[in-house]
Amino acid sequence: SLRLLEQAFADRSISSVRVAGGGGTGGAPATPTFKDREHSYRVDFTAMKQINATTGAARSIRRRAELPPKCFAVPDSWSLQPPGQHCALVRVDEGTAEFDTVFARMTASLPSARIVKLERIQNVMLFDYYSMRRDRMVKLAGGGEPKEVCVWHGTGNPLRSGDGIHPRVIYEDRQDGFMMQHSSEGMWGRGIYFARDARYSDSYAFALENGTKCLLLARLLAGDEVHVMPNDRSLRFCPDKPDGTGRYDTVTGDTCRSKVYIVYENGRAMPEYLITYTG
């Protein structure tokens, strides 16, 4: 059995375990064995060899631990959702602290906005991916937590430009969410653009036929930023750091009185709220 093989491996022996049917009698010590679909093998952990019981042919073996996929605990603020449901939109009621926080963040730069509906995005797959990217950035930084910011994103106005996508393409996705594949050329090259101010993203809001608009409020792993001014349309990835330790994580710039953030890879941002509004 697997347990007995693990024990023999730990002891680095060929005869330190009792293997039923392994050649011993009455439960006597015996060489560990296993079978695949066609052959039986003896296992010698002192020489790290597996020997074909019929032909005597031997080959090296190695132990490779297979760990289950890592799952990250979702935020305490999330509501329960049915098992197997990877994405849920949860209505946030007006008058709650959560609603007031998002409303204040929006109207700080867009005072004319009136929220018609606020929905919390609970996408387990995207949260896992985002958390995995955070862990990777922590390791690359030698243990330091990466800078994280709340930013706005508009998915385009199909009624005006014809090239917008519905926000659900992002928040219902099972793999990446915000994707470079949906990106187009901008002032800092082809990347995924976010803004500090809702006022700026309002011009890129997805327009609905009933006259309302939609924006996404996202969480972004900004990490190490580099401020590039004037803008550079030739960018395809972040510039190298001057100390030779790799590239910056995020390019930032200023346009239309707002700070903007540009990333050139998937998985660095997670949509948190879908805001349907007027104004």
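Above this note sits the structure.
Calculation criteria
- Residues numbered from 1 in each chain as written.
- Predicted model: local features only at pLDDT ≥ 70, side-chain atom pairs only at ≥ 80, totals over all residues.
- Heavy atoms only, no water.
- Helix = DSSP H or I, 4+ residues; strand = E, 2+ residues; numbered from the N terminus.
- Contact = heavy atoms within 4.5 Å.
- Areas by Shrake-Rupley, 256 points an atom, 1.4 Å probe, with all protein chains shown as cover.
- Phe/Tyr/Trp six-rings, centres within 6.5 Å; stacked < 30°, edge-to-face > 60°.
- Buried < 20%, exposed > 50% of the residue type's maximum accessible area, 1.4 Å probe, protein only.
- Polar contact = N/O pair within 3.5 Å; in protein donor to acceptor, adjacent residues only side chain to side chain.
- 1 Å grid on protein atoms, 1.4 Å probe; cavity = no way out; pocket = protein on both sides within 12 Å on 5 of 7 lines; lining within 4 Å.
- Points joined across faces, edges and corners; volume = space filled by probe spheres on them.
- Nonpolar A, V, L, I, M, F, W, Y, C, P; charged D, E, K, R; others polar.
- Pairing = 2+ DSSP bridges.
- Axes fitted to C-alpha atoms, helices over the stretch in contact; angles between N-to-C directions.
- Arc of directions from axis to C-beta.

(A) The overall build of the protein chain, seen in detail. Looking only at helices and strands, the protein chain has five helices and 16 strands in total. Across the protein chain, the fraction of contacts at a sequence separation of at least 24, relative to all contacts at a separation of at least 6, is 69%. A total accessible area of about 15,800 Å² is found for the protein chain, and carbon and sulfur atoms account for 51% of it.

(B) Quick peek at the packing of aromatic side chains. All chains considered together, the criterion is met by four aromatic pairs. Aromatic pair Phe-99 and Phe-103: ring centres 6.4 Å apart, planes at 20°, arrangement stacked. Residue Phe-99 and its partner Phe-103 are located together in helix H2 (residues 97-107), separated by four residues, close to a single helical turn. On the basis of relative accessible area, Phe-99 is assigned to the buried category, the value being 7%.

(C) How the structure looks around unusual backbone geometry. The omega torsion across Met-229 and Pro-230 is 0°, close enough to zero to call that bond cis. The residue Pro-230 is located in the loop between strand S13 (225-227) and strand S14 (250-255) in this model. At Cys-256, a position not held by glycine, the phi torsion is positive, near 50°. Of the residues examined, Cys-256 reaches a relative accessible area of 54% and is grouped as exposed. One non-glycine residue, Arg-257, adopts positive backbone phi at about 65°. Inspection of the secondary structure assignment puts Arg-257 in the loop between S14 and strand S15 (258-263).

(D) Summary view of the side chain of Thr-212. Position of Thr-212 among the secondary structure elements: in the loop between strand S11 (206-207) and strand S12 (213-221). Judged by relative accessible area, Thr-212 falls into the buried class, the value being 9%. At 2.6 Å, the side chain of Thr-212 and the side chain of Asn-210 are in polar contact. Once residues within four sequence positions are removed from consideration, Thr-212 is found in contact with Val-116, Phe-206, Ala-207, Thr-276, Tyr-277 and Thr-278.

(E) Region of the structure containing the layout of surface pockets. Considered as a void within the structure, the largest pocket measures approximately 670 Å³ in volume. His-153, Gly-154, Ser-184, Tyr-193 and Tyr-204 are the residues nearest the centre of the largest pocket, which is lined by 30 residues in total. Of all elements in the fold, only strand S7 (148-153), strand S8 (185-186), strand S10 (192-195) and helix H5 (198-202) reach the threshold of two or more residues within the lining of the largest pocket. Per-element tally for the lining of the largest pocket: the top contributor is S10, with four residues. Among the residues making up the lining of the largest pocket, the classes are represented as 12 nonpolar, 15 polar and three charged.

(F) Geometry of the sheet that holds strand S2 (residues 40-44). Pairing in this open sheet of four strands is antiparallel, and the strands run S1-S2-S3-S4 from one edge to the other. This sheet does not close on itself; its edge strands, each paired only once, are strand S1 (33-35) and strand S4 (58-60). Put simply, the sheet's adjacent strands are angled 30° from each other on average, direction ignored.

(G) Spatial organisation of H2. Among the residues of H2, Phe-99, Val-102, Met-106 and Thr-107 are the ones counted as buried. Down the axis of H2, the sector holding all buried residues measures 120°, keeping them to one side.

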